[in-house]
Amino acid sequence: MYTQAMDTAGKDESKPKAVRSAEEMALEQKFDARIDAGDFIEPKDWMPDHYRKTLVRQISQHAHSEIVGMLPEGNWATRAPTLKRKAILLAKIQDEGGHGLYLYSAAETLGTSRDQMLEALHTGKAKYSSIFNYPTLTWADVGVIGWLVDGAAIMNQVPICRCSYGPYARAMIRICREESFHQRQGFDSLLVMMEKGTQAQRDMVQDAVNRWWWPSIMMFGPPDDQSPNSAQSMRWGIKRVSNDELRQRFIDATAEQAQVLGVRLPDPELKWNEQRQHYDFGAIDWSEFWRVIAGHGPCNRERLAARVKAWEEGAWVREAALAYARQQEPQAQAA
């Protein structure tokens with residue numbers, strides 16, 4: 001998810017400006033030395049403006065992805081086949097909401113506000129992961145999201161635990177632990193249907209895999225040679241592993257898992273390459289990726305409308321909380 005936040009915004013026009021003074025040059029050299037040494041950068045530390053802006057964009061869009069990502073699975077919260085599966089799904093949706101809150105809080109340490117970030121989301125200025133603009137048509141989609149989408153998210157997000165910006169790295173440690181649970185529960189749900197389900201259920205799983213496979217491997221962002229901001233982000237330690245390397249790791253792991261499940265990944269060119277010690281795979285339709293990013297996916301308008309509606313209908317809750325806080329303030333000061 002996070003890769004898309006960096007690589008789908010086009011070339012950032014706020015390029016690092018020429019150093020204007022000896023003092024600023026010294027600060028930048030000290031900053032670069034800390035990055036090279038693997039130190040964490042903390043909110044009160046000096047940092048280049050471009051570093052700050054890159055982080056605000058990435059972290060806020062990561063947070064948006066967590067919040068919008070609740071919607072496809074929420075579609076099945078009232079229709080889960082058993083009480084056990086319903087409880088697991090509700091816990092997962094709650095986790096995703098918590099992840100969004102962690103990430104919004106991390107972004108706020110960079111000087112932006114939650115209202116600014118949500119305004120950017122609701123007006124379409126900010127993006128979120130394109131994967132959430134696809135519909136969940138059957139219950140098998142929920143399992144496939146856990147297996148493939150959360151699996152891709154883990155592959156993407158584990159390296160961020162070593163991100164150079166401290167608050168982001170620390171937030172990701174807990175998020176990755178919870179995402180690992182999400183991936184396992186998705187795989188388990190599919191395994192039960194494939195081993196104990198009817199032929200209709202097995203066909204339903206295969207259909208969901210067919211629809212989600214290609215969007216899942218697009219989650220790592222465009223190829224490295226088409227990723228305008230990756231080089232600088234890797235130099236700063238915001239990004240640790242390239243898009244193409246992460247995608248290859250995911251495909252290698254998932255191809256083996258698919259054999260355990262007994263499903264076919266919808267790529268006739270997918271095969272093990274003994275010389276490379278990796279799986280070869282077919283060409284990705286990047287025109288679909290960019291079409292969805294541009295707002296023309298199956299559910300773009302629906303997802304954004306749902307978030308705006310929730311924000312507007314929740315205004316009274318925010319107003320009540322602020323009013324209560326104002327009432328408590330004199331008591332807190334007196335104490």
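Scope of this entry: the structure provided in the associated data block. (Residues numbered from 1 in each chain as written. Predicted model: local features only at pLDDT ≥ 70, side-chain atom pairs only at ≥ 80, totals over all residues. Heavy atoms only, no water.)

## As for the overall build of the chain
Okay, so step 1: When helices and strands are counted, the chain shows 14 helices and two strands.
Okay, so step 2: Whereas a compact globule of 335 residues would reach a radius of gyration of roughly 20 Å, the chain reaches 21 Å, a difference of no more than 12%.
Okay, so step 3: Within the chain, buried positions represent 49% of all 335 residues.
Okay, so step 4: Taking the contacts inside the chain whose residues are at least 6 apart along the sequence as the reference set, 80% of them involve residues at least 24 apart.
Okay, so step 5: As displayed, the chain offers around 16,300 Å² of accessible surface, 55% of which is attributable to carbon and sulfur atoms. (Helix = DSSP H or I, 4+ residues; strand = E, 2+ residues; numbered from the N terminus. Rg over C-alpha atoms; globule rule 2.2 N^0.38 Å. Buried < 20%, exposed > 50% of the residue type's maximum accessible area, 1.4 Å probe, protein only. Contact = heavy atoms within 4.5 Å. Areas by Shrake-Rupley, 256 points an atom, 1.4 Å probe, with all protein chains shown as cover.)

## Observations concerning the pattern of salt bridges
Okay, so step 1: This structure, assessed with the given rule, holds 16 salt bridges.
Okay, so step 2: Between Lys309 and Glu313 there is a salt bridge, and its shortest N-O distance comes to 3.0 Å. Here Glu313 and Lys309 lie together in helix α13 (residues 300-313), a separation of four residues that amounts to about one turn.
Okay, so step 3: Through salt bridges that share partners, Arg34, Asp39 and Asp45 make up one connected network. (Salt bridge = Lys/Arg side-chain N within 4 Å of Asp/Glu carboxyl O.)

## Let's talk about the packing of helix α3 (residues 49-68) against helix α5 (residues 83-108)
Okay, so step 1: Two elements in contact, α3 and α5, have axes whose closest approach is 8 Å; the angle formed by their N-to-C orientations is 165 degrees. Looking at the two axes, α3 sits roughly antiparallel to α5. Our pair here, α3 against α5, has a crossing hand that is left-handed. On the side of α3, the interface is formed by Ile59, Ser60, His62, Ala63, His64, Glu66 and Ile67, while α5 contributes Glu96, Gly97, His99, Gly100, Leu103, Tyr104, Ala106 and Ala107. (Axes fitted to C-alpha atoms, helices over the stretch in contact; angles between N-to-C directions. Parallel < 35°, antiparallel > 145°, perpendicular 65-115°, else oblique. Left-handed = near helix turned anticlockwise from the far one by under 90°.)

## With respect to unusual backbone geometry
Okay, so step 1: At Gln277, a residue that is not glycine, the phi angle is positive and equals roughly 60 degrees.
Okay, so step 2: Residue position: Gln277 is located in the loop between β1 (271-273) and β2 (278-280).
Okay, so step 3: Of the residues examined, Gln277 reaches a relative accessible area of 42% and is grouped as partly exposed.

## Remarks on helix α11 (residues 243-261)
Given 3.6 residues to a turn, an α-helix orients residues that are three or four positions apart in the same direction.
Okay, so step 1: When the terminal C-alpha atoms of α11 are compared, their 26 Å separation across 19 residues agrees well with the 27 Å that a helix rising 1.5 Å per residue should span.
Okay, so step 2: If you check which residues of α11 are buried, you get Asn243, Leu246, Arg247, Gln248, Phe250, Ile251, Asp252, Thr254, Ala255, Ala258 and Leu261. (Expected span 1.5 Å × (residues − 1).)

## Considering the environment of Val317
Okay, so step 1: Mapped onto the secondary structure, Val317 falls in helix α14 (residues 315-334).
Okay, so step 2: The partly exposed category is assigned to Val317, whose relative accessible area is 43%.
Okay, so step 3: Considered as a pair, Val317 and Trp272 are 45 residues apart in the sequence and their alpha carbons are 54 Å apart.

## Focus: empty space enclosed by the protein
Okay, so step 1: This structure, assessed with the given rule, holds three cavities of 30 Å³ or more.
Okay, so step 2: The volume enclosed by the largest cavity comes to roughly 80 Å³.
Okay, so step 3: Lining of the largest cavity is provided by twelve residues; of these, Gly69, Glu73, Glu96, Phe132 and Asp150 occupy positions nearest its centre.
Okay, so step 4: Of all elements in the fold, only α3, α4 (70-74) and α7 (139-157) reach the threshold of two or more residues within the lining of the largest cavity.
Okay, so step 5: Its residues placed into classes, the lining of the largest cavity shows five nonpolar, two polar and five charged.
Okay, so step 6: Each pocket or cavity is described by its volume, and for the second largest cavity that value is around 50 Å³.
Okay, so step 7: Lining the second largest cavity are Arg85, Ile88, Leu89, Trp139, Val142, Gly143, Gln185 and Ser189.
Okay, so step 8: Looking at the lining of the second largest cavity, the elements with two or more residues in it are α5, α7 and α8 (166-196). (1 Å grid on protein atoms, 1.4 Å probe; cavity = no way out; pocket = protein on both sides within 12 Å on 5 of 7 lines; lining within 4 Å. Points joined across faces, edges and corners; volume = space filled by probe spheres on them. Nonpolar A, V, L, I, M, F, W, Y, C, P; charged D, E, K, R; others polar.)

## Considering the packing of aromatic side chains
Okay, so step 1: Within the structure shown, the criterion is met by eleven aromatic pairs.
Okay, so step 2: Arranged with centres 5.2 Å apart and planes meeting at 90 degrees, the rings of Trp286 and Phe289 form a pair that is edge-to-face. Of this pair, Trp286 and Phe289 both sit in helix α12 (residues 286-296), three residues apart, which is roughly one turn of the helix.
Okay, so step 3: Cluster of aromatic residues (ring-pair linked, three or more members): Phe31, Trp46, Tyr51 and Trp236. (Phe/Tyr/Trp six-rings, centres within 6.5 Å; stacked < 30°, edge-to-face > 60°.)

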